[in-house]
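These are the residues of each chain, in order.
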Amino acid sequence: MKKYNCTVINPKTKFFSFDFSELLKYRDLVWLFVKKNYSTRYKQTILGSAWLLITPLLSIICYSIIFGTVAGLSTDGLPKLVFYLSGNIIWTFFSKCVNDNSNLFAGNAYLFGKVYFPRLTLPVSNVITAFFDFCIQFMLLSLLMVYYSFHGWSFRFNLALIYFPLIMLQLGLLGLGTGLIITSVTTKYRDLSILVHFIMQIWMYGSPVVYSLNIVPERFMRLYMLNPVTSALILFKQGLFGTYQLDFKNWGISWLVTLAISLLGIFSYNKTEKTFIDRI
């Protein structure tokens, strides 16, 4: 008699369920989702993947005119394009993680309802896609820095460069957790999805993306540093330009906030996935 191997799928009953080994087992599926993200994003576009470079360039030109020229805000002694691009690519990575994961249930109901796979493979693939986008845009920042170096500018690299992997991990976890919380809530209350764009705009202006940290009043600094994006962005610029010196106590606190949000997001996601098909 011929024997068949089979996999038994049991419902998740634990208060908090996260099987990392199962996620590793389905790593090929994660990469397939990453490829799908790129193939669908640039389908029927004229410029294709060139938009990855065009979009940040258009953004930093607008920032340079509005915040640099009209408002006259400080750029910490850096060229305007370099200053705004360094903040923009970090913020774009984080916001893309949030936005792409904030509509997971509604956008993939057709897939979730047909076949079983670890549900976390989708949000993880979105974070990986956003990281690849960041790497491409970081190359643009590097080219700009090389250009300005040949025109008399000097950039002071710092040992904080070694923390870059941790910075990206922190922002990836923060974006993952925030996006999963949003998608879990908006599955039941659809109208809240309208507020996501507004919340992200407020969050951006609550982070030193388009302005220098020096303009933040000292009395608000402790509260301001609770924003995990702030610490990550400061450390990123410290490594590249040596413009700031981050208090690692603040970075530690921001990591606690990040871990709390990411764990809450995974819990909410696991809890909602059991019944969301009945709501969509």
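This text goes with the structure placed above it.
All figures in this text were calculated on a predicted structure; none of them were measured in a lab.

Draft legend 1. Structural view of the overall build of the protein. Within the protein, the secondary structure is distributed over twelve helices and zero strands. Relative to its 280 residues, the protein shows a buried fraction of 47%. Of the contacts made within the protein by residues no fewer than 6 positions apart, 80% connect residues no fewer than 24 positions apart. Only carbon and sulfur atoms are counted for the fraction: they give 66% of the accessible area of the protein, which is about 15,600 Å².

Draft legend 2. Broad picture of a nonpolar patch on the surface. Taken together, the side chains of Val-185, Tyr-189, Leu-192, Leu-195, Phe-198, Ile-199 and Ile-202 define a hydrophobic patch exposed on the protein surface, amounting to about 650 Å² of accessible area. Residue contributions to the nonpolar patch peak at four residues, all from helix α9 (residues 195–205). The residue Ile-202 is located in helix α9 in this model.

Draft legend 3. Up close: the packing of helix α11 (residues 228–241) against helix α12 (residues 248–273). For the pair α11 and α12, interaxial distance at closest approach is 8 Å and the crossing angle is 135°. Comparing their axes, α12 and α11 come out oblique. The two elements α11 and α12 meet at a crossing, and its hand is left-handed. Contact residues: α11 offers Pro-228, Ser-231 and Leu-235, while α12 offers Phe-248, Asn-250, Trp-251, Ser-254, Val-257 and Thr-258. By residue class, the composition of the contact of α11 with α12 is five nonpolar, four polar and no charged.

Draft legend 4. The arrangement of the nonpolar core in detail. Core analysis: the largest hydrophobic core is formed by 68 residues, its most contacted members being Val-82, Trp-91, Phe-94, Leu-141, Ile-167, Leu-171 and Phe-236. The leading source of residues in this core is helix α4 (residues 80–101), at eleven residues. If we skip the residues at most four places from it in the chain, Val-82 touches Leu-141, Leu-144, Met-145, Tyr-148, Phe-155 and Phe-241.

Draft legend 5. A look at the side chain of Thr-186. Tracing the sequence through the fold places Thr-186 in helix α8 (residues 164–186). For Thr-186, a relative accessible area of 9% corresponds to the buried category. At 2.8 Å, the side chain of Thr-186 and the backbone oxygen of Ile-182 are in polar contact. From its side chain, Thr-186 meets the backbone oxygen of Thr-183 in a polar contact 3.5 Å long. What Thr-186 contacts, discounting residues up to four positions off in sequence, is Ser-102, Leu-192 and Ser-193.

Draft legend 6. A look at the packing of aromatic side chains. Within the structure shown, the criterion is met by 20 aromatic pairs. Ring centres of Tyr-163 and Phe-248 lie 5.4 Å apart, and the angle between their planes is 55°; on these two criteria the pair is classed as tilted. One end of the pair, Tyr-163, is in the loop between α7 (121–149) and α8; the other, Phe-248, is in helix α12, with 85 residues separating them in the sequence. Taken together, the ring pairs in this structure connect Trp-31, Phe-93, Phe-131, Phe-132, Phe-134, Phe-138, Phe-164 and Phe-236 into an aromatic cluster. The aromatic ring of Phe-83 is capped on one face by Lys-237, whose charged end is 3.8 Å from the ring centroid.

Draft legend 7. Expanded view of α4. Its 22 residues give α4 an end-to-end C-alpha distance of 32 Å, which sits within 8% of 32 Å, the value for a rise of 1.5 Å per residue. Counting buried residues in α4 gives 17 out of 22 residues, a clear majority hidden from the surface.

Draft legend 8. Expanded view of unusual backbone geometry. Of note in the backbone geometry, Asp-76 takes a positive phi value of approximately 60° without being a glycine. The topology assignment puts Asp-76 in the loop between α3 (51–70) and α4. Accessibility expressed as a relative area gives 18% for Asp-76, which makes it buried.

Draft legend 9. Molecular detail of the pattern of salt bridges. Evaluation of the coordinates by the stated rule reveals one salt bridge. Of the charged contacts in the structure, one is a salt bridge between Lys-96 and Asp-100, with a shortest N-O distance of 2.9 Å. Taken together, the positions of Lys-96 and Asp-100, both in helix α4 and four residues apart, correspond to about one turn of that helix. Accessibility expressed as a relative area gives 29% for Asp-100, which makes it partly exposed.

Conventions we followed
- Residues numbered from 1 in each chain as written.
- Predicted model: local features only at pLDDT ≥ 70, side-chain atom pairs only at ≥ 80, totals over all residues.
- Heavy atoms only, no water.
- Helix = DSSP H or I, 4+ residues; strand = E, 2+ residues; numbered from the N terminus.
- Buried < 20%, exposed > 50% of the residue type's maximum accessible area, 1.4 Å probe, protein only.
- Contact = heavy atoms within 4.5 Å.
- Areas by Shrake-Rupley, 256 points an atom, 1.4 Å probe, with all protein chains shown as cover.
- Patch = residues over 30% accessible without salt bridge, like charges linked within 9 Å, V, L, I, M, F, W, Y side chains within 5 Å.
- Salt bridge = Lys/Arg side-chain N within 4 Å of Asp/Glu carboxyl O.
- Axes fitted to C-alpha atoms, helices over the stretch in contact; angles between N-to-C directions.
- Parallel < 35°, antiparallel > 145°, perpendicular 65-115°, else oblique.
- Left-handed = near helix turned anticlockwise from the far one by under 90°.
- Nonpolar A, V, L, I, M, F, W, Y, C, P; charged D, E, K, R; others polar.
- Core = buried A, V, L, I, M, F, W, Y, C linked by side-chain atoms within 4.5 Å.
- Polar contact = N/O pair within 3.5 Å; in protein donor to acceptor, adjacent residues only side chain to side chain.
- Phe/Tyr/Trp six-rings, centres within 6.5 Å; stacked < 30°, edge-to-face > 60°.
- Lys NZ or Arg CZ within 6 Å of the ring centre and 35° of its normal.
- Expected span 1.5 Å × (residues − 1).

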